[in-house]
Amino acid sequence: LEPALRAAAGAGRVLELEPPAGTLATEGDRSQLEQALLNLVANARDAGARRVQVRARRERRTAADWQGEFQRGEALPGEYLCLEVQDDGEGLSAELLERIFDPFFTTRFPGRGLGLAVVLGAVRRHHGVIAVTSRPGAGARCRLYLPRREGGAARAERVPHAARRAARPALPLQVLVVDDEAQVCSFVRAILEARGHRVLATQDGARATELLR
């Protein structure tokens, strides 16, 4: 996912990746979790961050650990996979923090206000938690907590054959991406190329017709 994360962070920003020391497993929809992580990095970019750190680790949480944190989701004691995005952007006041997951709420123009709502939706579908720490002028720290899952191979045996077949990666494709915003073109291209596809991208409609032919 690194090329897509760097595209989401944008040019001129430092993106630091800190993967876990070993393998961490969870069960879930890969595309939804990738989109959530990309949205958090893009949100850090829009908040004026110059440095963005992405970390992954195992973390055990107790009932006491959840107290006093701003969070959304199923905050239960247990073992979690934690995906963290920390930035040095403009940060948020306590009042804004309460509204960041509201659909269509945004502090920027232009902005759709859907990025963090999408993140929360993905977290809830995976029975996880998102916790956010921020204050004005001090950046933000967003943590996605996904329940750890053991014995995934045993459960996979019970998945219907059709579902296993549908879950297989698509063969490399040749994809034409057309968008009048250079950043969107670059972002989508990076995601597709990271999946092994060959991508043709353009911001011009006439050029898109030529490439399609």
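Check the entry above for the structure.
This report concerns the structure included in the present document. (Residues numbered from 1 in each chain as written. Predicted model: local features only at pLDDT ≥ 70, side-chain atom pairs only at ≥ 80, totals over all residues. Heavy atoms only, no water.)

### Re the sheet that holds strand β1 (residues 14-18)
Our working rule: Two strands pair if DSSP finds at least two bridges between them. In DSSP terms, a helix is any run of H or I states spanning at least four residues, a strand is any run of E spanning at least two, and both are numbered starting from the N terminus. Helix axes use the C-alpha atoms of the stretch in contact, all axes being lines fitted to C-alpha atoms, and the angles between their N-to-C directions lie in the range 0 to 180 degrees. Note on contacts: a residue pair is in contact if any heavy atoms of the two residues lie within 4.5 Å.
In space, the 6 strands of this open sheet follow the order β1-β2-β4-β6-β5-β3, with mixed pairing throughout. Looking at the sheet topology across the chains shown, the edges are occupied by β1 and β3 (70-73). Adjacent strand axes in the sheet meet at a mean angle of 20 degrees, parallel and antiparallel pairs treated alike. Here strand β2 (residues 51-61) pairs with strand β4 (residues 78-87) via 10 bridges, running antiparallel. Residue A56 lies in a different strand from β4, and its bridge partner there is L83. Strands in contact with helix α2 (residues 30-46) are β2, β4 and β6 (140-147); relative to β4, the strand with the most contacts, it is inclined by about 30 degrees.

### Considering helix α5 (residues 115-125)
Spelled out, the test is: Buried means the residue's accessible area, taken with a 1.4 Å probe over protein chains only, is under 20% of the maximum for its type, while exposed means over 50%, and partly exposed covers the values in between.
Of all the residues in α5, the buried ones are L116, A117, V119, L120, A122 and V123. Against α2, β3, β5 (129-134) and β6 lie the buried residues of α5. Directly after α5, the chain includes H127, whose backbone phi takes a positive value near 55 degrees.

### Digging into the pattern of salt bridges
Two side chains with opposite charge may pair up if their charged atoms get near one another. What counts here: A side-chain nitrogen of Lys or Arg and a carboxyl oxygen of Asp or Glu constitute a salt bridge if their distance falls within 4 Å.
Across all of its chains, the model carries 18 salt bridges by this definition. A salt bridge links R148 to E79; the nearest nitrogen and oxygen atoms lie 3.9 Å apart. Taken together, the positions of R148 in the loop between β6 and α6 (152-156) and E79 in strand β4 put the pair 69 residues apart, joining distant regions of the chain. Residue class for R148 comes out buried when judged on its relative accessible area of 13%. When salt bridges with common partners are traced through the structure, they connect E18, R55, R57, E59, R61, E69, E84, R141 and R143 into a single cluster.

### Some points on the packing of helix α1 (residues 2-9) against helix α8 (residues 182-194)
Selection rule: Under this scheme an angle from 65 to 115 degrees is roughly perpendicular, one under 35 degrees roughly parallel, and one over 145 degrees roughly antiparallel; angles in between are oblique. Ten residues, namely Ala, Val, Leu, Ile, Met, Phe, Trp, Tyr, Cys and Pro, are considered nonpolar, four, namely Asp, Glu, Lys and Arg, are considered charged, and the remaining ones, Gly among them, are considered polar.
One way to put it is that α1 packs onto α8 with a least axis distance of 8 Å and a crossing angle of 170 degrees. By the angle class used here, α1 and α8 are roughly antiparallel. In contact with P3, A4, A7 and A8 of α1, α8 contributes S186, F187, A190, I191 and A194. In the contact of α1 with α8, the residues fall into 8 nonpolar, 1 polar and no charged.

### Considerations on the packing of aromatic side chains
Stated formally: Each Phe, Tyr or Trp ring (for Trp, its six-membered ring) is paired with any other whose centre lies within 6.5 Å, and the angle between the two planes then decides the class: stacked below 30 degrees, edge-to-face above 60, tilted in between. We call a charge positioned over a ring when the NZ of a Lys or the CZ of an Arg lies within 6 Å of the ring centre and within 35 degrees of the ring normal.
Counted under the stated rule, the structure contains 3 aromatic pairs. When the centroid spacing of 5.7 Å and the interplanar angle of 85 degrees are considered together, the rings of W66 and Y80 count as edge-to-face. With W66 in helix α3 (residues 63-66) and Y80 in strand β4, the pair connects residues that are 14 residues apart, well separated along the chain. Considered together, W66 and Y80 belong to a single accessibility category, that of buried residues. Ring centres 5.1 Å apart and planes at 85 degrees place the aromatic pair W66 and Y145 in the edge-to-face group. Within this pair, whereas W66 is found in helix α3, its partner Y145 is found in strand β6, the two being separated by 79 residues in sequence. Residue W66 is classed as buried on the basis of its relative accessible area, which comes to 4%. Look at Y145 and you get buried, because its relative accessible area is 0%. Site record: aromatic cluster; members linked through ring pairs are W66, Y80 and Y145. A cation sits over an aromatic face here: R61 above W66, 4.3 Å from the ring centre.

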